[in-house]
Amino acid sequence: MNERILIIEDDEAILRVLRRALAYEGYRVDTAPDGESGLNQARDYHPDLVILDWMLPGMDGLEVCQRLRAGGSVPVLMLTAKDTLQDRVQGLDAGADDYMVKPFELDELLARVRALLRRTQPERIPMLSFADLTLDTSTRQASRRGRVISLTAKEYDLLELFMRHPRQVLTREMIFDRVWGYDFGGESNVLDVYIRYLRQKLEIEDEQRLIHTVRGVGYVLRETP
């Protein structure tokens, strides 16, 4: 799946330019107009990188950055109109990985985004495993007890999402957003169809069920009690 970038920015004009440019480069883009909603999105969607404005309404970018850093290691590119050495030191001390002063050149920002993502790429674990199920993300091949499981592209994306979030209940909305990139609507049964396909392939030899339904919420990857 393509890298996911969260933009936390209250300037609608800048937000629009960044969203369009990043989407054109192939990134999946989420946006938030303030710090609190940005932190909620970061918690729910686990972005690969955050572009964060310093001057936000309510909670400012420094506090948002400190909270992001306390909750994980997502790289943060901070945007600000503040241009003194002390400001830059303050931003970096808050946990920002990089710092750009407005107005900025779009090409330079895109280059810094690529550099930050490259820097964190080795942290992505190529081999995922849960119970007796393994998933090689470099070859996109799944196996269970040595049996190779053939997956379609969407089945793979769905299984990878579950295996990167084991024992975590994933809502239908989150799964639609992460795997299909948009909301199919509450009445769509496409997710249920793909879950059924996956279960048929994972349980072909009477193996225990690993993908469980959480009624009214979504699905979870966990051991069968």
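Residue indices begin from 1 for each chain and proceed along its sequence in written order. Reporting of local features is limited, given that this is a predicted model, to residues whose pLDDT is at least 70; pairs of side-chain atoms are given and counted only at 80 or more, and all residues count toward the totals for whole chains, interfaces and linings. With hydrogens and water excluded, all non-hydrogen atoms of the structure serve as input to the side-chain values.

1. Describing the nonpolar core
The line we're drawing: What is meant by a nonpolar core is a set of buried Ala, Val, Leu, Ile, Met, Phe, Trp, Tyr and Cys residues, joined one to another through side-chain atoms within 4.5 Å. Remark: exposure states derive from per-residue accessible area (1.4 Å probe, protein chains only) relative to the maximum for the residue type, with buried under 20%, exposed over 50%, and partly exposed in between. Secondary structure elements are taken from DSSP: a helix is a run of H or I of four residues or more, a strand is a run of E of two residues or more, and numbering for both begins at the N terminus. The contact criterion used throughout is that any non-hydrogen atoms of two residues lie within 4.5 Å.
Counting 29 residues, the largest nonpolar core has L158, L159, F162 and I175 as the members making the most contacts within it. Secondary-structure elements contributing two or more residues to this core are β6 (127-130), β7 (133-136), α6 (153-164), α7 (172-180), α8 (190-202) and β12 (218-221). Excluding its chain neighbours within four sequence positions, the residues that come into contact with L158 are I175, V179, L191, Y194, I195 and L198. With 20 residues, the next largest nonpolar core counts I8, L52, L68 and Y99 among its residues.

2. Details of the packing of aromatic side chains
Applied cut-off: Geometry of aromatic contacts follows a simple scheme: Phe, Tyr and Trp rings, the Trp one being its six-membered ring, pair when their centres are within 6.5 Å, and the pair is stacked under 30 degrees between planes, edge-to-face over 60, tilted otherwise.
What the rule picks out here adds up to 2 aromatic pairs. Between Y194 and Y197 the ring centres are 5.7 Å apart and the planes differ by 75°, which places this aromatic pair in the edge-to-face class. With a gap of 3 residues between them, Y194 and Y197 both fall in helix α8, about one helical turn apart. Y197 gets classed as partly exposed once you look at its relative accessible area, which sits at 36%.

3. Describing the packing of α6 against α7
Heads up, the condition is: Lines fitted to C-alpha atoms define the axes, with helix axes restricted to the stretch in contact, and inter-axis angles between N-to-C directions lie between 0 and 180 degrees. Roughly parallel refers to an angle under 35 degrees, roughly antiparallel to one over 145, roughly perpendicular to one between 65 and 115, and oblique to any angle outside these ranges. For any helix crossing, the convention is left-handed if the near helix is rotated counterclockwise from the far helix by under a right angle, and right-handed if that rotation is clockwise. Asp, Glu, Lys and Arg are counted as charged, while Ala, Val, Leu, Ile, Met, Phe, Trp, Tyr, Cys and Pro are counted as nonpolar; the rest, among them Gly, fall into the polar class.
α7 packs onto α6 with a crossing angle of 125° between their chain directions and a minimal axis gap of 10 Å. The orientation of α6 with respect to α7, classified from their angle, is oblique. Here the hand of the crossing between α6 and α7 comes out right-handed. Facing K154, D157, L158, L161 and F162 of α6, the residues of α7 in contact are I175, R178, V179 and W180. Considered class by class, the residues forming the contact of α6 with α7 number 6 nonpolar, no polar and 3 charged.

4. Brief notes about helix α1 (residues 12-24)
Note the following rule: The length a helix should cover is 1.5 Å for every residue beyond the first. Arc definition: it is the arc formed by the directions from the helix axis to the C-beta atoms.
With 13 residues, α1 extends 18 Å between its outermost C-alpha atoms, agreeing within 8% with the 18 Å of an ideal straight helix rising 1.5 Å per residue. Turning to α1, its buried residues are I14, L15, L18, A21 and L22. One side of α1 carries all its buried residues, which in axial view fall inside an arc of 145°. Opposite the buried face of α1, by more than 90 degrees, sit the exposed residues R20 and Y24. Taken from the residues just after α1, G26 is the one with a positive phi, measuring 100°.

5. Describing the pattern of salt bridges
For the record, the criterion: For salt bridges, the criterion is a side-chain nitrogen of Lys or Arg within 4 Å of an Asp or Glu carboxyl oxygen.
Summed over the entire model, instances satisfying the criterion amount to 19 salt bridges. Among the salt bridges present, the one from D53 reaches K102, with a minimum N-O distance of 3.0 Å. Here D53, found in strand β3 (residues 49-53), pairs with K102, found in the loop between β5 (98-101) and α5 (106-120); they are 49 residues apart in sequence, far enough to count as distant. According to the relative accessible area criterion, D53 is buried, its value standing at 3%. Residue R140 pairs with D157 through a salt bridge whose shortest N-O separation is 3.5 Å. With R140 in the loop between β7 and β8 (141-144) and D157 in helix α6, this residue pair connects regions lying 17 residues apart in the sequence. Judged by its relative accessible area of 10%, D157 is buried. Residues participating in the shared-partner salt-bridge network are E9, D53 and K102.

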